[in-house]
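Geometric and topological summary
So the chains spell out like this:
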Amino acid sequence: MKRSRDKAASELFAALYPRLAGWCRRLVDDDETAHEIASEAFTRLWARWTSVEEPRGFLYVTAANLVRDHWRKLERERKALRRATAEAATRPHTEQADPSVRLLVQSLPERLRVPILLHYYADMPVREVSVLTGRKEGTVKADLHAARELLRAHLRRSLDHTP
């Protein structure tokens, strides 16, 4: 029994790790961090191996949460650096000046962020996102639409330099 579970886990790792790590790489823009996140997602899966019904979904949702944590950490570091520099003290607040899509996706509420990450960054069809998130397909489509509208509005404001 244990041998077959270990074999299944090994096969799952071989099949999913490269794609998961590549997906993380696109999100965090750093190879080492991407591999750390993908490895941590697998570590968390192994800890719950017998209770996880959909390992692929568990991995991607866990990795998405770890990416979010990474983005938050980077933002805290950026804010601390800005506070620590004299230039930040004299320069007007310009946080909205960077229309980076990644930063905008990061700012979305989790309800909208997770479907965006799974659908657009992991190339999963709406049906699969629906299964992984436990939401109806129509809800996922509505969330994707709402997220795109929010992103569009944020980008427009950033590019127009309007508040």
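The structure this text deals with has already been given above.
This text gives an overview of the structure that appears in the document. One numbering rule holds for all chains: residues counted from 1, following each sequence as written. Under the rules for a predicted model, residues below a pLDDT of 70 receive no local features and side-chain atom pairs below 80 are neither given nor counted, while totals for whole chains, interfaces and linings still include all residues. Here the side-chain values reflect all heavy atoms present in the structure, with hydrogen atoms and water set aside.

Description of the environment of M124
Relative to the helices and strands, M124 resides in the loop between α6 (110-121) and α7 (126-133). Overall, M124 belongs to the buried group, its relative accessible area being 1%. Here a residue-residue contact requires only that any non-hydrogen atoms of the pair lie within 4.5 Å. Discounting chain neighbours no more than four positions away, the residues touching M124 are R56, Y60, L118, H119, V129 and L132. Numbering of helices and strands starts at the N terminus; helices are DSSP runs of H or I of at least 4 residues and strands are runs of E of at least 2. When accessible area is computed with a 1.4 Å probe and restricted to protein chains, residues below 20% of their type maximum are described as buried, those above 50% as exposed, and intermediate ones as partly exposed.

Description of the nonpolar core
Note that soluble globular proteins tend to have their nonpolar side chains buried in a common cluster. By size, the foremost hydrophobic cluster in this structure holds 43 residues, and its most contacted members are L20, W23 and L117. Of all elements in the fold, only α1 (2-28), α2 (31-47), α3 (55-84), α5 (101-107), α6, α7 and α8 (137-160) reach the threshold of two or more residues within this core. If we skip the residues at most four places from it in the chain, L20 touches A38, A41, F42, L59, Y60 and A63. The definition of a nonpolar core used throughout is a set of buried Ala, Val, Leu, Ile, Met, Phe, Trp, Tyr and Cys residues joined through side-chain atoms within 4.5 Å.

Digging into the pattern of salt bridges
Salt bridges are identified by distance alone: a Lys or Arg side-chain nitrogen within 4 Å of an Asp or Glu carboxyl oxygen. Within the structure shown, the criterion is met by eleven salt bridges. Here R111 and D143 are joined by a salt bridge, their closest N and O atoms 2.7 Å apart. Highlighted residues: R111 in helix α6 and D143 in helix α8, separated in sequence by 32 residues. The network of salt bridges with common partners includes R25, D29 and D31.

Here we look at the packing of aromatic side chains
The aromatic pairing rule takes the rings of Phe, Tyr and Trp, using the six-membered ring of Trp, and pairs them if the centres are within 6.5 Å, calling planes under 30 degrees apart stacked, those over 60 edge-to-face and the rest tilted. The final tally for this structure, using the stated rule, is six aromatic pairs. Taking 5.3 Å as the distance between ring centres and 50° as the angle between the ring planes, the aromatic pair formed by F42 and W46 counts as tilted. In this pair, F42 and W46 both sit in helix α2, four residues apart, roughly one turn of the helix. Here W46 falls in the partly exposed class, since its relative accessible area comes to 35%. Judged by centre distance (5.3 Å) and plane angle (70°), the rings of W46 and W49 are edge-to-face. Each residue in the set F13, Y17, F42, W46 and W49 is aromatic and connected to the rest through ring pairs, giving one cluster.

Quick notes on the side chain of T33
Looking at where T33 falls in the secondary structure, it is placed in helix α2. Residue class for T33 comes out buried when judged on its relative accessible area of 15%. Pairing of N or O atoms within 3.5 Å defines a polar contact, subject to two protein rules: one partner must be a possible hydrogen donor and the other a possible acceptor, and residues neighboring in sequence count only if both atoms are side-chain atoms. For T33, the side chain forms a polar contact with the side chain of D30, separated by 2.5 Å. Once residues within four sequence positions are removed from consideration, T33 is found in contact with V28 and H70.

Here's the deal with α8
With 24 residues, α8 extends 34 Å between its outermost C-alpha atoms, agreeing within 8% with the 34 Å of an ideal straight helix rising 1.5 Å per residue. Listed as buried for α8 are V140, D143, L144, A147, L151 and S158. Expected helix span is given by 1.5 Å per residue-to-residue step, counting one fewer step than there are residues.

Observations concerning the environment of I116
By the secondary structure assignment, I116 is in helix α6. Residue classification places I116 among the buried residues on the basis of a relative accessible area of 3%. Between the C-alpha atom of I116 and that of H145, which follows or precedes it by 29 residues, the distance is 9.6 Å.

Spatial relationships are all this shows, so hold off on functional conclusions.
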